[in-house]
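Fold and contact review
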Amino acid sequence: MWFGSGCRGGASAPEEQPMDKKIAEQLLSISTDCTRDENESIKRIMETCDEETFKMYRRLGGRIVGHLFTEIIAPIQSEHPALAPPDFKPMERIERPRLTLTKESQDELLASLNRRYEQIETMAGFVRENCDKAEAAAFRGRIHEVLAHVAEAMACVLAAHVEEK
């Protein structure tokens, strides 16, 4: 169950199963490490660079840490309050509306979306191997944004109400 995400249209989905607690703990641990490492990077920039560079990088690092919190940490802690700090306020759960599909349509859409995901991942690898580092970094960010939308479409198709023929 992810908070704040969902596909458009259809009736509300039934209650989704919560993420396994061990998986949630591991994701929180990795997220905590990433947050700590990014904060250390910001501190290094503050200590070694001019004020303007520090402010620019702090904004970029803040986006990383902020998205880790809003997209990974807060949804997990909202789903597993025992893993949250005492002062954490859980996110509001947004129900994912459901598509209505035939089994055949669902299977075809999943196959198509899996192909799309693989094609776009191939694009990311191509960019990484063939572009200069700055260009690759810019394109990889855009490519991963597209992958997020493909993954959301996959989640909607998987959660669809499947009609019997």
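As the structure is a computational prediction, the values presented were derived from the model and not from experiment. (Residues numbered from 1 in each chain as written. Predicted model: local features only at pLDDT ≥ 70, side-chain atom pairs only at ≥ 80, totals over all residues. Heavy atoms only, no water.)

1. Focus: the overall build of the protein chain
- Counting its secondary structure elements, the protein chain contains four helices and four strands.
- Seen in sequence order, the protein chain has helices and strands lined up from the N terminus as β-α-α-β-β-α-α-β.
- The buried share of the protein chain, taken over its 165 residues, is 28%.
- Partitioning the contacts of the protein chain with sequence separation of at least 6, the portion at a separation of at least 24 is 73%.
- Carbon and sulfur atoms form 57% of the exposed surface of the protein chain, whose accessible area is close to 11300 Å². (Helix = DSSP H or I, 4+ residues; strand = E, 2+ residues; numbered from the N terminus. Buried < 20%, exposed > 50% of the residue type's maximum accessible area, 1.4 Å probe, protein only. Contact = heavy atoms within 4.5 Å. Areas by Shrake-Rupley, 256 points an atom, 1.4 Å probe, with all protein chains shown as cover.)

2. Section: the environment of glutamate 164
- Among the structural elements, glutamate 164 can be located in the segment after β4 (161-163).
- Spatially, the C-alpha atom of glutamate 164 lies 6.7 Å from that of threonine 102, the residues being 62 residues apart in sequence.

3. A few points about helix α3 (residues 103-130)
- The end-to-end C-alpha distance of α3 is 40 Å, a good match for the 40 Å that 28 residues give at a rise of 1.5 Å each.
- The complete set of buried residues in α3 reads Gln106, Leu110, Ser112, Leu113, Ile120, Ala124, Gly125 and Val127.
- Tucked inside the fold, the buried residues of α3 contact β3 (100-102), α4 (133-158) and β4. (Expected span 1.5 Å × (residues − 1).)

4. Concerning the confidence of the model for the protein chain
- Mean pLDDT over the protein chain works out to 87, with 89% of the residues at or above the 70 mark.
- Mean pLDDT across the secondary structure elements of the protein chain bottoms out at strand β1 (residues 11-12), with 35, and peaks at helix α1 (residues 21-48), with 96.
- Note that pLDDT drops below 50 for residues 1-15; the model gives that stretch 44 contacts with residues more than four away or on any other chain. (pLDDT = per-residue confidence, 0-100.)

5. A word on the nonpolar core
- Of all hydrophobic cores here, the largest spans 13 residues; its most connected members are Leu113, Ile120, Ile143, Val150 and Val157.
- Those elements that provide at least two residues to this core are α3 and α4.
- The element contributing the most residues to this core is α4, with six residues.
- Excluding its chain neighbours within four sequence positions, the residues that come into contact with isoleucine 143 are Ile120, Met123, Ala124 and Val127.
- Judged by nonpolar contacts, the second largest core, of five residues, contains Met19, Ala24, Leu28 and Ile76. (Core = buried A, V, L, I, M, F, W, Y, C linked by side-chain atoms within 4.5 Å.)

6. Observations concerning the packing of aromatic side chains
- Counted under the stated rule, the structure contains one aromatic pair.
- Aromatic pair phenylalanine 69 and phenylalanine 88: ring centres 6.4 Å apart, planes at 75 degrees, arrangement edge-to-face. Highlighted residues: phenylalanine 69 in helix α2 (residues 51-79) and phenylalanine 88 in the loop between α2 and β2 (97-98), separated in sequence by 19 residues.
- Look at phenylalanine 88 and you get buried, because its relative accessible area is 17%.
- We note arginine 142 situated over the ring of phenylalanine 139; from NZ or CZ to the ring centre the distance is 5.0 Å. (Phe/Tyr/Trp six-rings, centres within 6.5 Å; stacked < 30°, edge-to-face > 60°. Lys NZ or Arg CZ within 6 Å of the ring centre and 35° of its normal.)

7. Let's talk about the side chain of threonine 35
- The topology assignment puts threonine 35 in helix α1.
- Filtering out sequence-adjacent residues up to four positions away, threonine 35 remains in contact with Val65, Leu68 and Ile73.

8. Describing the pattern of salt bridges
- All chains considered together, the criterion is met by seven salt bridges.
- Note that glutamate 51 and lysine 55 form a salt bridge whose closest N and O atoms lie 4.0 Å from each other. Taken together, the positions of glutamate 51 and lysine 55, both in helix α2 and four residues apart, correspond to about one turn of that helix.
- Owing to a relative accessible area of 49%, glutamate 51 belongs among the partly exposed residues under this scheme.
- Among the residues examined, lysine 55 registers a relative accessible area of 40% and is labelled partly exposed.
- For the salt bridge of lysine 103 with aspartate 107, the shortest nitrogen-to-oxygen distance reads 3.0 Å. Separated by four residues within a single helix, lysine 103 and aspartate 107 lie in helix α3, roughly one turn from each other.
- Taking the relative accessible area as the measure of exposure, lysine 103 reaches 46% and is therefore partly exposed. (Salt bridge = Lys/Arg side-chain N within 4 Å of Asp/Glu carboxyl O.)

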